[in-house]
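Spelled out, the chains give:
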Amino acid sequence: MSEPVGEGTEHTSGAVRADVIQLDQSTSAARYESRRPTLGQDDADGKAGRFWSWRRIPAAVVAAVLLGAAALLLYDVAAVRADHPAMYWRRWLADQLATEPLDNTWVLVGSGVAAALGLWLIVLALTPGLREVLSMRRGPARVRAGLDREAAALILRDRALEVSGVQSVRVRARRSKVRVRALSHFRELDDVRADLDAALGTGIGELGLVKPPALSVHVRRPKKKG
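Cut-off values and rules
Residues numbered from 1 in each chain as written. Predicted model: local features only at pLDDT ≥ 70, side-chain atom pairs only at ≥ 80, totals over all residues. Heavy atoms only, no water. Helix = DSSP H or I, 4+ residues; strand = E, 2+ residues; numbered from the N terminus. Buried < 20%, exposed > 50% of the residue type's maximum accessible area, 1.4 Å probe, protein only. Contact = heavy atoms within 4.5 Å. Axes fitted to C-alpha atoms, helices over the stretch in contact; angles between N-to-C directions. Parallel < 35°, antiparallel > 145°, perpendicular 65-115°, else oblique. Left-handed = near helix turned anticlockwise from the far one by under 90°. Nonpolar A, V, L, I, M, F, W, Y, C, P; charged D, E, K, R; others polar. Pairing = 2+ DSSP bridges. Expected span 1.5 Å × (residues − 1). Right-handed = clockwise from strand over helix to strand, strands pointing away. Core = buried A, V, L, I, M, F, W, Y, C linked by side-chain atoms within 4.5 Å. Patch = residues over 30% accessible without salt bridge, like charges linked within 9 Å, V, L, I, M, F, W, Y side chains within 5 Å. Areas by Shrake-Rupley, 256 points an atom, 1.4 Å probe, with all protein chains shown as cover. Salt bridge = Lys/Arg side-chain N within 4 Å of Asp/Glu carboxyl O. pLDDT = per-residue confidence, 0-100.

A look at the overall build of the chain
Okay, step 1: Scanning the chain from terminus to terminus reveals 6 helices and 7 strands.
Okay, step 2: Listing every helix and strand of the chain by position from the N terminus yields β-β-α-α-α-α-β-β-α-β-β-α-β.
Okay, step 3: Within the chain, the proportion of its 226 residues that are buried is 29%.
Okay, step 4: Put simply, 72% of the contacts in the chain that link residues at least 6 apart link residues at least 24 apart.

A look at the packing of helix 5 (residues 149–161) against helix 6 (residues 189–206)
Okay, step 1: As a packed pair, helix 5 and helix 6 sit with axes 9 Å apart at the nearest point and diverge in direction by 150°. As far as their axial angle goes, helix 6 and helix 5 are roughly antiparallel. At the point where helix 5 passes helix 6, the crossing takes the right-handed sense. Between helix 5 and helix 6, the contacting residues are Leu156, Arg159 and Ala160 on the first element and Leu196, Ala199, Leu200, Thr202, Gly203, Ile204 and Glu206 on the second.
Okay, step 2: Taken together, the residues of the contact of helix 5 with helix 6 break down into 6 nonpolar, 2 polar and 2 charged.

Looking at the environment of glutamate 162
Okay, step 1: By the element assignment, glutamate 162 lies in the loop between helix 5 and strand 5 (166–173).
Okay, step 2: Look at glutamate 162 and you get exposed, because its relative accessible area is 65%.

Some words on the pairing of strand 5
One face of the sheet, then the other: side chains in a regular strand alternate in exactly this way.
Okay, step 1: With 6 of 8 residues buried, strand 5 is to be regarded as a mostly interior element.
Okay, step 2: Inspection of the sheet shows strand 5 paired to strand 6 (residues 177–184) by 7 bridges, in the antiparallel sense. Counted as the bridge partner of arginine 170 is arginine 181 from strand 6.
Okay, step 3: Between the antiparallel neighbours strand 5 and strand 6 lie 3 residues.

Examining helix 2 (residues 56–81)
Okay, step 1: With 26 residues, helix 2 should cover 38 Å at 1.5 Å per step; its first-to-last C-alpha distance of 37 Å lies within 8% of that length.
Okay, step 2: Looking one or two residues beyond helix 2, the residue adopting positive phi is aspartate 83, at roughly 65°.

Regarding the pairing of strand 7 (residues 214–220)
Okay, step 1: In terms of burial, strand 7 is a largely internal element, 6 of the 7 residues being buried.
Okay, step 2: Sheet topology places strand 6 next to strand 7; 7 bridges connect them, and they run parallel. If you follow valine 178 over to strand 7, its bridge partner there is leucine 215.
Okay, step 3: Following the chain from strand 6 across helix 6 to the adjacent parallel strand 7, one finds a crossover that is right-handed.

With respect to unusual backbone geometry
Okay, step 1: Despite not being glycine, aspartate 83 shows a phi value in the positive range, around 65°.
Okay, step 2: Of note, aspartate 83 is situated in the loop between helix 2 and helix 3 (88–99).

Overview of the nonpolar core
Note on soluble globular proteins: their nonpolar side chains tend to be buried together.
Okay, step 1: Among the nonpolar cores identified, the biggest contains 26 residues, and Val166, Val169, Val180, Leu196 and Leu200 are the most heavily contacted of them.
Okay, step 2: Per-element accounting of this core gives the leading share, 6 residues, to helix 6.
Okay, step 3: Excluding its chain neighbours within four sequence positions, the residues that come into contact with valine 180 are Val169, Arg170, Val171, Leu200, Leu215, Ser216, Val217 and His218.

A short note on a nonpolar patch on the surface
Okay, step 1: Taken together, the side chains of Leu72, Leu73, Val77, Tyr88, Trp89, Trp92, Leu93 and Leu97 make up a nonpolar region of the molecular surface, amounting to roughly 790 Å² of accessible area.
Okay, step 2: Breaking the nonpolar patch down by element, the ones donating at least two residues are helix 2 and helix 3.
Okay, step 3: Of all the elements, helix 3 adds the most residues to the nonpolar patch, at 5 residues.
Okay, step 4: Position of leucine 93 among the secondary structure elements: in helix 3.

Describing the confidence of the model for the chain
Okay, step 1: Per-chain confidence: the chain averages 77 in pLDDT, with 77% of residues scoring 70 or above.
Okay, step 2: Long-range and interchain partners of residues 1–25, a stretch whose pLDDT sits below 50, account for 65 contacts in this model, where long-range means more than four residues apart.
Okay, step 3: Overall, residues 29–46 carries pLDDT values under 50, and its contacts beyond four positions in sequence, including any with other chains, amount to 43 contacts.

And the structure:
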């Protein structure tokens, strides 16, 4: 298979002029629902969830910080119980909490930072992540599979290049929409756009995604020199 292409990657068949302007343009936007085989009820209803990220780095950082803070506090409490003075940082922190007014700028800034970090951790815990992976329907073997958005863009780009009149094409695959921008050097733009709609609509259906994205196609002419 040809080399993978990410979002916004452009592939050109034949000579393509770099200086392109929108002289003529034909645009379409439609939503295509994929053909679904007879599977289980969950799959038939499109309820297969997204893949969840492990998020090992944030979890490791939070665990290390909490472990270090807890160990330091436990050591200081044990030292006080053994008739040793409390650490300077704990005496200073207790003094600041007892004497510093709540409307102090640094108190407000510190509270805002702590709240933002806490909200960020909650969002990470409640969201699946892995936005680059599109969930696919489960087959008879009940194997859960995912398709990378770059791979989906590559497949649809190759299918678009098979349409007569398409000189070059750029495909951006998002979770909710696939955007296609093509250059056509012959044939009527409406005819090229219609063929692209049909070919890419079929291609999206054959990807086997749980939630097929919408399709937006833009066709235009390359700039004429001279």
